[in-house]
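# What the coordinates show
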Amino acid sequence: MEANQRIARISAHLHPQNFQEEDRSLLRRDDCRAKGGTPGFKVAILGAAGGIGQPLALLMKMNPLVSALHLYDVVNSPGVTADISHMDTAAVVHGFLGQSQLESALTGMDLVIIPAGVPRKPGMTRDDLFKINAGIVKTLCEGIAKFCPNAIVNLISNPVNSTVPIAAEVFKKAGTYDPKRLLGVTMLDVVRANTFVAEVLGIDPRDVDVPVVGGHAGVTILPLLSQVKPPSSFSREEIDYLTNRIQDGGTEVVQAKAGTGSATLSMAYAAVKFADACLRGLRGDAGVVECAFVASQVTELPFFATKVRLGRTGAEEIYQLGPLNEYERSGLEKAKKELAESIQKGISFIRK
Ligand SMILES: NC(=O)C1=CN([C@@H]2O[C@H](COP(=O)(O)OP(=O)(O)OC[C@H]3O[C@@H](n4cnc5c(N)ncnc54)[C@H](O)[C@@H]3O)[C@@H](O)[C@H]2O)C=CC1
Ligand SMILES: O=C([O-])CC(=O)C(=O)O
C-alpha cells in the first residue's frame, strides 16, 4: 500500500463513524470493558453548550457524586461532550443534540440542571428575557414530565421568578408536580452576598453565611444582613452599600461584559455548589441547608426563596424568615409586590 493510501486509511479510522465501518478488527469504544459502572447519581444539563453550561459541565464532571453526566443542547453539544469526556474523573459523559434526543438525554436522570435560554445585554431586565426563555423552559419541562418525572430540577434560566412558576404549571398539567422537587437556583445571590459581606468585614468569605430570600431579580433579592453568620453589625452606610451591590450583582457583570452576556463562571460555581447540596440531600446526608426559590407558605405568595433543607425527596423543609429588622421588613414589602407580578406572569403563560 502506498504511504498516502495508508495515511488516508488511518485518518478514516480516526473518524468515529468510519472507524466502525472500516475495519472490524480494530477495537471500538463500545467494546471497551469499562462501562463506568461506579455508583453515583445521573445528572443532565440542558443548555450544556452555553456560557454557564460549559463550565458547569466541567465542574459536574469533577463531582465524585456523579456517575453519569448527560450534556444536552440544541447546538454544539457533541464538541463540548468530546472535550469534557476526556477528563480522567469517574462520571461517564454522553452528549445529546436537539429535540429528537431529549428523551435519551433525560431518561433515568436523578437531577436535571437547566441553564438553557438567552442571557441579558446591558439595559435589559431579567423580565425582558421572558419572551424567549418562557417557551424554552416550557418545552424542556414537558420533556422532564414525560421522561424523568421523578428527577430533582434545578432551574437557572431567567427570569427565575417566572420560569419556576412556568415549570410548576407544566408539571401540574402533566400530573407529575411535586413542589419538593422543583428548585429555582438563587445560589449566586448567596455566593455574592457572602463575598461582599466578607470584603466589608475583612474576613474569609468561606466563613460567612448570608441568608438571601425573596426572588432573583432586583428588589426581590433580599439579603438578611441582620442574620449574617458570624453575627456582625453594620453601619447604615454599609447596609445600603451591601444591599444595593447584592441586588445589582447580575447587572454589574452584564455591564462589565458589555453586550457579550451575563454571569457564567460565578454562576457555574454557584450552580455546582447548589447541585452538590441537592445530591448530598438525595444521598441522605443530614443537615444540608441552602437558599432556593421554591413553592412556599412562608409568605402569602405561592413561591418564595428562603433557606430549605435538602433531603432524599428534594426540599423537605422550608424555613421561616426569622426575625427581620425595620429595613428588611420594608425591603420585604417591595420584594413581594414585584414577585407577585412575576409569579402571575409565569402562571398565566401556561394557563392562558
Ligand atoms: N439563576 C441565576 O442566578 C442566573 C441565571 N442566568 C440565566 O441562565 C441562562 C443561560 O445563560 P448563559 O449560559 O450565559 O447563556 P448562553 O446563551 O451562553 O447559553 C444558553 C444555552 O442554551 C441553549 N439553548 C437555547 N435553547 C435551548 C433549548 N430549547 N434546549 C436546550 N438548550 C437550549 C443555547 O444553545 C445555549 O448553548 C440565561 O437565561 C441567564 O439569564 C444567568 C446567570 C445567573
Ligand atoms: O443578571 C443576569 O441577567 C444574570 C443573573 O441572573 C445574575 O447574574 O444574577
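Treat the numbers as computed from the prediction; the structure is a model and nothing was measured. (Residues numbered from 1 in each chain as written. Chains lettered and ligands numbered in written order. Predicted model: local features only at pLDDT ≥ 70, side-chain atom pairs only at ≥ 80, totals over all residues. Heavy atoms only, no water.)

Take the UniProt feature "binding site: substrate" (unreviewed entry) in the chain next. Here the UniProt feature "binding site: substrate" (unreviewed entry) sits at Arg 120, Arg 126, Asn 158 and Arg 192. Mapped onto the fold, Arg 126 is located in the loop between β4 (111-114) and α6 (130-147). Ignoring anything within four residues of it in the chain, the contact list for Arg 126 reads Arg 120, Asn 158, Pro 159, His 216, Ala 217, Gly 218, Ile 221 and Gly 250. By secondary structure assignment, the location of Asn 158 is in the loop between β5 (152-155) and α7 (160-174). Excluding residues within four positions of it along the chain, Asn 158 makes contact with Arg 126, Leu 129, Asn 133, Thr 163 and His 216. (UniProt positions renumbered as here; feature names shortened; annotations may be inferred. Helix = DSSP H or I, 4+ residues; strand = E, 2+ residues; numbered from the N terminus. Contact = heavy atoms within 4.5 Å.)

With that settled, the discussion passes to the pairing of β5. What you see with β5 is no split at all: Ile 152 and Asn 154 on one side and Val 153 and Leu 155 on the other are buried throughout. As defined by bridge partners, β4 adjoins β5 across four bridges and the pair is classed as parallel. The residue bridging Val 112 from the neighbouring strand is Val 153, located in β5. Chirality of the crossover, the property in question, places the unit of β4, α6 and β5 among those that are right-handed. Bridge count between β5 and strand β6 (residues 182-184): three bridges; the pairing is parallel. Within β6, the residue paired with Val 153 across the bridge is Leu 182. For the crossover that starts at β5, traverses α7 and ends in the parallel β6, the hand is right-handed. (Buried < 20%, exposed > 50% of the residue type's maximum accessible area, 1.4 Å probe, protein only. Pairing = 2+ DSSP bridges. Right-handed = clockwise from strand over helix to strand, strands pointing away.)

Neighbouring residues of ligand 1: 29 residues in total, closest Gly 51, Ile 52, Asp 73, Val 118 and Asn 158. Separating an oxygen atom of ligand 1 from a backbone N or O atom of Gly 117 is a distance of 3.3 Å. Between an oxygen atom of ligand 1 and a side-chain N or O atom of His 216, the distance comes to 3.0 Å. When ligand 1 is considered free in solution it has 870 Å² of accessible area, and contact with the protein chains removes 86% of it. Elements with a contribution of two residues or more to the shell around ligand 1: β2 (66-73) and α6. Ranked by the residues each element gives to the shell around ligand 1, the list is headed by α6, at three residues. In the shell around ligand 1, the residues fall into 18 nonpolar, 10 polar and one charged. (Near = heavy atom within 4 Å. Polar contact = N/O pair within 3.5 Å; in protein donor to acceptor, adjacent residues only side chain to side chain. Areas by Shrake-Rupley, 256 points an atom, 1.4 Å probe, with all protein chains shown as cover. Nonpolar A, V, L, I, M, F, W, Y, C, P; charged D, E, K, R; others polar.)

Taken as a whole and judged by the stated rule, the model has 18 salt bridges. The residue Arg 245 makes a salt bridge to Glu 199 at a minimum N-O spacing of 3.4 Å. Residue Arg 245 is found in helix α9 (residues 236-247), and its partner Glu 199 is found in helix α8 (residues 187-201); the two are separated by 46 residues along the sequence. As a salt-bridge pair, Glu 252 and Arg 245 come within 3.1 Å of each other at their nearest N and O atoms. Overlapping salt bridges, with partners in common, bring together Glu 169, Lys 172 and Arg 351 in one network. (Salt bridge = Lys/Arg side-chain N within 4 Å of Asp/Glu carboxyl O.)

Axis separation between α6 and helix α12 (residues 326-351) bottoms out at 11 Å; the angle between their running directions is 60°. The orientation of α6 with respect to α12, classified from their angle, is oblique. With respect to the hand of their crossing, α6 and α12 are arranged in right-handed fashion. Here α6 contributes Phe 130, Ala 134, Gly 135 and Lys 138 to the contact with α12, which in turn contributes Lys 345, Gly 346, Phe 349 and Ile 350. (Axes fitted to C-alpha atoms, helices over the stretch in contact; angles between N-to-C directions. Parallel < 35°, antiparallel > 145°, perpendicular 65-115°, else oblique. Left-handed = near helix turned anticlockwise from the far one by under 90°.)

Counting 46 residues, the largest nonpolar core has Leu 46, Leu 106, Val 112, Ile 114, Ile 144, Phe 171 and Phe 293 as its most contacted members. Listed by contribution, the elements that provide at least two residues to this core are β1 (41-46), α5 (102-106), β4, α6, β5, α7, β10 (303-311) and α12. Residues in contact with Val 112, not counting those within four places in the same chain, are Ala 44, Leu 46, Leu 106, Ile 144, Cys 148, Ala 151, Ile 152, Val 153 and Asn 154. Listed in part, the 44 residues of the second largest apolar core include Ile 45, Val 93, Val 272 and Ala 315. (Core = buried A, V, L, I, M, F, W, Y, C linked by side-chain atoms within 4.5 Å.)

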